[in-house]
Structure formats: structure tokens, C-alpha cells
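# Summary of structural features
Take a look at the letters that make up each chain.
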Amino acid sequence: MKKILGILGILLVVTIITAMADPNAFLGSSNIQNLLRRTALFGIISIGVAFVIITSGIDLSIGSMVCLVGCGLPYMLMELKWPLWVALSLVFLVSLGIGMFHGVMITKLKLQPFVVTLCGLLFYRGITRGFTNDQPMGFKDQFKEIRPLGTALFPIDQVLHWLAIALVILLVVGLVAFRKYLK
């Protein structure tokens with residue numbers, strides 16, 4: 001617990017010093033939006049990984065699975081010319097199917113999570129490299145309706161300020177409650 005509070009303290013000190021050095025740049029809505037945009041994917045993925053780690057598991061295939069569906073969507077839309085709703089549905093179903101497949105292999109067949117996910121890592125990365133021919137995939141100038149979702153370029157300046165304040169309040173309340181729980 002002391003390590004966690006120490007790291008939190010260092011984070012707060014660095015944040016306060018940086019904010020005081022240049023408050024307009026550091027606390028500006030464009031900087032906060034940029035930070036959230038760059039960390040959102042990892043934050044979402046880390047929620048699922050947290051459940052795996054809490055249960056003493058491991059998943060090595062997460063990056064390859066993100067690569068598979070992340071390259072698969074533009075491939076289906078740009079190369080195969082599938083409708084958007086079909087491609088999005090297939091990406092969702094493939095992601096769900098991979099997760100369920102790994103879960104069944106680990107829980108029902110009692111295979112080691114390390115082996116299952118390592119094989120998945122290699123398999124999904126190989127599939128992706130195969131259908132993309134080792135070329136980057138993108139939307140070019142098409143599908144502008146889904147671009148704001150991927151780049152987080154929508155006006156949320158005021159919402160970000162309130163979310164930051166709410167997050168700080170929740171962290172403080174959570175730490176106080178956790179300290180009382182430990183006693």
C-alpha cells in the first residue's frame with residue numbers, strides 16, 4: 001500500500017509542478033484531449049487484462065488480436081468493399097469468438113493460458129500479415145463517419161474538464177475508503 005501511495009504522490013507532485021510551470025499548455029483542453037486520445041485504447045484493453053491478471057492468468061495474444069481486427073476492418077471496407085455494418089459486425093463477432101475460443105481451451109480443456117495465448121499471438125499475427133501482404137491498412141479518405149471514433153476528434157472540451165475533476169474526486173474518495181478498509 002505504501003508503494004501505491006508513494007507512486008500516486010509522485011504523480012501528483014509532477015502533475016502540479018508541470019501545471020504550475022505552464023498552466024495554459026498543460027491544463028489546456030487540447031492537451032488533455034490529446035492525452036486521452038493516445039491512452040484510450042490502452043485503457044480499454046487494460047480493463048480486460050486486469051481481469052485476466054487478477055485471476056492469475058496471462059494473455060499474450062491481445063496485441064495480435066487488436067492487430068487482426070484493426071487491420072481487418074479497413075481490409076473488409078476498402079479491399080472487399082463490404083458494407084460498414086457487415087464489417088463492424090464481423091469484427092465484433094471475430095473478437096468475441098477468439099475470446100470464447102481461448103476461454104474454452106483454458107477452462108474446459110485445461111490447457112495452459114501461456115501456451116494457448118502464445119499460439120494465438122503467432123496465429124493471429126500470421127493471418128493478419130497474410131491478408132494484408134505486410135502492408136499497412138487504412139481508410140484513406142473514405143469512411144469519414146467512423147474516423148472521429150478512431151481519432152477521438154469530436155468536441156469534448158468541457159466534458160474533459162468535468163471528467164478530470166470527477167476522476168480526482170473519485171481517486172481521493174477511493175483512497176480514503178480503501179485506507180479505512182485496511183484498518
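Rules and cut-offs
- Residues numbered from 1 in each chain as written.
- Predicted model: local features only at pLDDT ≥ 70, side-chain atom pairs only at ≥ 80, totals over all residues.
- Heavy atoms only, no water.
- Helix = DSSP H or I, 4+ residues; strand = E, 2+ residues; numbered from the N terminus.
- Buried < 20%, exposed > 50% of the residue type's maximum accessible area, 1.4 Å probe, protein only.
- Axes fitted to C-alpha atoms, helices over the stretch in contact; angles between N-to-C directions.
- Parallel < 35°, antiparallel > 145°, perpendicular 65-115°, else oblique.
- Left-handed = near helix turned anticlockwise from the far one by under 90°.
- Contact = heavy atoms within 4.5 Å.
- Nonpolar A, V, L, I, M, F, W, Y, C, P; charged D, E, K, R; others polar.
- Patch = residues over 30% accessible without salt bridge, like charges linked within 9 Å, V, L, I, M, F, W, Y side chains within 5 Å.
- Areas by Shrake-Rupley, 256 points an atom, 1.4 Å probe, with all protein chains shown as cover.
- Salt bridge = Lys/Arg side-chain N within 4 Å of Asp/Glu carboxyl O.
- Phe/Tyr/Trp six-rings, centres within 6.5 Å; stacked < 30°, edge-to-face > 60°.
- pLDDT = per-residue confidence, 0-100.
- Core = buried A, V, L, I, M, F, W, Y, C linked by side-chain atoms within 4.5 Å.
- Expected span 1.5 Å × (residues − 1).
- Arc of directions from axis to C-beta.

### Structural notes on the overall build of the chain
The helix and strand tally for the chain stands at eight helices and zero strands. Helices (α) and strands (β) of the chain occur, in sequence order from the N terminus, as α-α-α-α-α-α-α-α. Each principal axis of the C-alpha distribution contributes one length, and for the chain these read about 50 × 45 × 25 Å. Taken across its 183 residues, the chain has 17% of its residues classed as buried.

### As for the packing of helix H5 (residues 84–107) against helix H6 (residues 113–132)
Two numbers describe how H5 lies on H6: the axes approach to 9 Å, and their chain directions differ by 150 degrees. In this view, H5 runs roughly antiparallel relative to H6, as classed from their interaxial angle. Seen along the crossing, H5 lies across H6 with a hand that is right-handed. Every residue of H6 that contacts H5 at Ile-98, Phe-101, His-102, Met-105 and Ile-106 is listed here: Pro-113, Val-116, Thr-117, Gly-120 and Tyr-124. Considering only residue class, the contact of H5 with H6 consists of seven nonpolar, three polar and no charged.

### Comments concerning a nonpolar patch on the surface
Taken together, the side chains of Met-1, Ile-4, Phe-178, Tyr-181 and Leu-182 present a nonpolar region at the surface, about 540 Å² in accessible area. The element best represented in the nonpolar patch is helix H8 (residues 157–182), accounting for three residues. Tracing the sequence through the fold places Met-1 in the segment before helix H1 (2–21). On the basis of relative accessible area, Met-1 is assigned to the partly exposed category, the value being 33%.

### Quick word on the packing of aromatic side chains
Applying the stated rule across the entire model yields two aromatic pairs. Seen from their ring centres, Tyr-75 and Phe-131 are 4.9 Å apart, and the 50 degrees between their planes marks the pair as tilted. Taken together, the positions of Tyr-75 in helix H4 (residues 62–79) and Phe-131 in helix H6 put the pair 56 residues apart, joining distant regions of the chain. Phe-131 gets classed as partly exposed once you look at its relative accessible area, which sits at 21%. When the centroid spacing of 5.9 Å and the interplanar angle of 70 degrees are considered together, the rings of Phe-123 and Tyr-124 count as edge-to-face.

### Focus on the confidence of the model for the chain
For residues with low pLDDT, the predicted coordinates do not support detailed interpretation. Averaged over all residues, the pLDDT of the chain equals 86, while 91% of them reach at least 70. Between the elements of the chain, mean pLDDT differs from a low of 64, seen in helix H7 (residues 147–151), to a high of 95, seen in H6.

### Observations regarding the nonpolar core
Ranked by size, the top nonpolar core spans nine residues in total: Val-69, Leu-73, Met-76, Leu-77, Met-78, Ala-87, Val-91, Phe-143 and Ile-146. Among the elements of the structure, H4 and H5 are those that each provide at least two residues to this core. For this core, the leading source of residues is H4, giving five residues. Setting aside chain neighbours within four positions, we find Met-78 in contact with Gly-138, Phe-139, Lys-140, Gln-142 and Phe-143.

### Some details on the pattern of salt bridges
Evaluation of the coordinates by the stated rule reveals one salt bridge. For the salt bridge of Asp-134 with Arg-129, the shortest nitrogen-to-oxygen distance reads 2.7 Å.

### Let's talk about the environment of Asn-133
Mapped onto the elements, Asn-133 comes out in the loop between H6 and H7. The class of Asn-133 is exposed, set by a relative accessible area of 57%. When the C-alpha positions of Asn-133 and Gly-28 are compared, they lie 41 Å apart, and in sequence the two are 105 residues distant.

### Some details on H6
Taking 1.5 Å per residue as the helical rise, H6 with its 20 residues ought to reach 28 Å, and the 28 Å between its terminal C-alpha atoms agrees with that figure. Inspection of H6 places Val-116, Thr-117, Gly-120, Tyr-124, Thr-128 and Thr-132 among the buried residues, and these make up the whole buried set. The arc that holds every buried residue of H6, seen down its axis, measures 100 degrees, which confines them to one face. Of the exposed residues in H6, the ones pointing more than 90 degrees away from its buried face are Leu-122 and Phe-123. Close packing links the buried residues of H6 with H4 and H5. A positive phi of about 55 degrees marks Asn-133, the residue just after H6.

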